[in-house]
Amino acid sequence: MPGTAPGESGPTEAEWAAAVAAVRQVPAGGRVLLVCHVNPDGDALGSMLGFAQGLRWLGVDLLQATFPGPFDLPDPLRGLPGEELLVPATEAYPDPDLVICFDAASASRLGELVDRLDAAGAALVLDHHASNTRFGGLHLVDPQAAATSVVAEELLDRLGVPLDAGIAECLYVALTTDTGSFRFEATTPAVHQMAARLLATGIRPGDISRRIFDHRPFGAVRLFGEVLGRARLEPAAAGGRGLVWTYATQDDLVRHGQRPYVLEALIDSVRCTAEADVSCVVKQVSAHEWAVSLRSKGAVDVSRVAVALGGGGHRFAAGFTGRGSADEVMDGIRGQLDDALVGAEDQV
Ligand code: AMP
Ligand code: MN
Ligand code: MN
């Protein structure tokens, strides 16, 4: 069984017990609302829909899953098991008996759904961001967990829900998303053991990975070519560890006939730059607003950069919403890099 060894900073036994009780205490006919962070990624959506199927197995009938903002998913995340439980934020129960939040480090990541935290009978937060602000009433926050789905799987297990292929597909999408398909630092033996449990249900990893990661329109391939062609390398940045960055505008998307989600994969083509520890993609979301993705190879804790600029994330992957021009956003980042250098005392 997945678990948190004593001494690690995962949920305490009391927190697990409170979370189990909160789910079990939903009255017959009670309404449960599941919410994940804005612009859902594979972990947010996969954890939420995997858990939703478990709740359905437990007999929760009045069950909704939702996320803030437009009711629109990236194409690769469409068609997951449990998707039929999704409703637009505008239709979400206004005062559910229980609200459960997935993969959101702070209440602001819940957008217009943030009012459900107070309106609900109880609010439970499942997350794995070290920067989690402990919003909501009940917490299962494990900064050691590779994905929120790790926390979700353990809670399902403690609730006595057996894994089936539907749940497993969602949790597998979540786990592979946040571990970069088992390439990142967080890929522990426990992660592979969880993957083994998921695969044992009969899900097809090749099909899932192709659909989620290796499938994009030709227009997106051409768009990537253009955006990568304007990447800049700044070897002296971050105390000489190097910064590589590029940006994509709304006009770029229009010219190539693409939707914004295709840009999510762009950071993976930028971060492989050998000469830079820090990589960054600045993606325009409106005239003066940019979604910023930051990645590090370890010399810089990019979550410190992101938190200083109003966002969040992890040491190796973080993000924030930037305002102004792309150059102004980049100046803001440069101004934080030196303070975010990882000292010898922080080395893991
Ligand atoms: P991304 O670059 O969008 O893949 O995000 C990398 C990490 O940063 C994820 O763990 C996100 O949860 C976190 N993150 C991204 N954008 C924000 C934001 N605006 N506020 C807080 N955390 C963010
Ligand atoms: Mn996420
Ligand atoms: Mn996550």
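Residues numbered from 1 in each chain as written. Chains lettered and ligands numbered in written order. Predicted model: local features only at pLDDT ≥ 70, side-chain atom pairs only at ≥ 80, totals over all residues. Heavy atoms only, no water.

S.K.: Describe the site of ligand 1, and please don't skip the residues or the numbers.
M.R.: The environment of ligand 1 is formed by 13 residues, the closest being His129, Ser293, Arg295, Gly312 and Gly319. Ser293 is positioned such that a nitrogen or oxygen atom in its side chain is 2.6 Å from an oxygen atom of ligand 1. Between ligand 1 and Gly312 there is a distance of 3.2 Å, counted from a nitrogen atom to a backbone nitrogen or oxygen. Expressed as a share of its isolated accessible area of 480 Å², the protein-covered part of ligand 1 is 80%. If you list the elements that add at least two residues to the shell around ligand 1, you get strand E9 (289-296), strand E10 (312-313) and strand E11 (317-323). Sorting elements by how many residues they give to the shell around ligand 1 places E11 first, with 5 residues. For the shell around ligand 1, the class distribution of residues is 3 nonpolar, 8 polar and 2 charged. (Near = heavy atom within 4 Å. Polar contact = N/O pair within 3.5 Å; in protein donor to acceptor, adjacent residues only side chain to side chain. Areas by Shrake-Rupley, 256 points an atom, 1.4 Å probe, with all protein chains shown as cover. Helix = DSSP H or I, 4+ residues; strand = E, 2+ residues; numbered from the N terminus. Nonpolar A, V, L, I, M, F, W, Y, C, P; charged D, E, K, R; others polar.)

S.K.: Tell me about the coordination of the manganese ion (ligand 3), and please be specific about residues and values.
M.R.: Those protein atoms acting as donors to the manganese ion (ligand 3) are Asp43 (OD), Asp103 (OD), His128 (NE2) and Asp178 (OD), and they sit at 2.1 to 2.3 Å. Each donor residue of the manganese ion (ligand 3) lies on the same chain, and together they follow the pattern D-x59-D-x24-H-x49-D. A separation of 3.8 Å is found between the manganese ion (ligand 3) and the manganese ion (ligand 2), which share Asp103 as a coordinating residue. Of this pair, Asp103 sits in the loop between strand E3 (98-102) and helix H3 (116-119) while His128 sits in the loop between strand E4 (122-127) and strand E5 (138-141); the two residues are 25 residues apart in sequence, bridging distant segments of the chain. (Donors = N, O, S within 2.8 Å, 3.2 Å for Na, K, Ca; no water.)

S.K.: So what about helix H5 (residues 165-178)? Which residues, and what values?
M.R.: With 14 residues, H5 extends 20 Å from end C-alpha to end C-alpha; this agrees with the ideal 20 Å at 1.5 Å per step. Within H5, 11 of the 14 residues are buried, which leaves it mostly tucked inside the rest of the structure. Looking only at H5, the buried set comprises Gly166, Ile167, Ala168, Glu169, Cys170, Leu171, Tyr172, Val173, Ala174, Leu175 and Thr176. Contacts from the buried residues of H5 go to helix H2 (42-57), helix H4 (148-158), helix H6 (189-199) and helix H7 (205-213). (Expected span 1.5 Å × (residues − 1). Buried < 20%, exposed > 50% of the residue type's maximum accessible area, 1.4 Å probe, protein only. Contact = heavy atoms within 4.5 Å.)

S.K.: I'd like a description of the nonpolar core, backed by residues and values.
M.R.: Nonpolar side chains tend to gather and get buried jointly when the protein is soluble and globular. Within the largest apolar cluster, 55 residues are counted, with the highest numbers of intra-cluster contacts made by Val32, Leu34, Phe51, Leu55, Ile100, Leu126 and Leu155. Discounting residues that sit within four places of it in the chain, Leu126 has contacts with Ile100, Cys101, Phe102, Asp103, Leu140, Thr148, Val151, Ala152 and Leu155. (Core = buried A, V, L, I, M, F, W, Y, C linked by side-chain atoms within 4.5 Å.)

S.K.: So, the coordination of the manganese ion (ligand 2): which residues are in play, and what are the values?
M.R.: The coordination sphere of the manganese ion (ligand 2), as far as protein atoms go, consists of His37 (NE2), Asp41 (OD) and Asp103 (OD), spread over 2.0 to 2.3 Å. If you list the donors of the manganese ion (ligand 2) from N- to C-terminus, the spacing comes out as H-x3-D-x61-D. By relative accessible area, which is 27% here, Asp41 ends up partly exposed. The exposure class of Asp103 is buried, given its relative accessible area of 2%.

S.K.: So what's going on with the packing of H2 against H4? Residues and values would help.
M.R.: Helices that pack against each other are described as a pair by the angle of their axes relative to one another and the distance between those axes. As a packed pair, H2 and H4 sit with axes 9 Å apart at the nearest point and diverge in direction by 10°. In this view, H2 runs roughly parallel relative to H4, as classed from their interaxial angle. Counted together, Asp43, Ser47, Gly50, Phe51 and Gly54 of H2 and Thr148, Ser149, Ala152, Leu155 and Leu156 of H4 form the full contact between these two elements. Residue composition of the contact of H2 with H4, by class: 4 nonpolar, 5 polar and 1 charged. (Axes fitted to C-alpha atoms, helices over the stretch in contact; angles between N-to-C directions. Parallel < 35°, antiparallel > 145°, perpendicular 65-115°, else oblique.)

S.K.: Let's hear about the state of the cysteines: which residues, and what values?
M.R.: Two cysteines whose sulfur atoms are joined by a covalent bond form what is called a disulfide. Counting across every chain of the model gives 0 disulfides. Its sulfur unpaired, Cys272 is 15 Å from the next cysteine sulfur, which belongs to Cys280. Judged by relative accessible area, which is 57%, Cys272 ranks as exposed. A residue is classified by how much of its surface remains accessible, and Cys280, at 0% relative accessible area, is buried. (Disulfide = S-S within 2.5 Å.)

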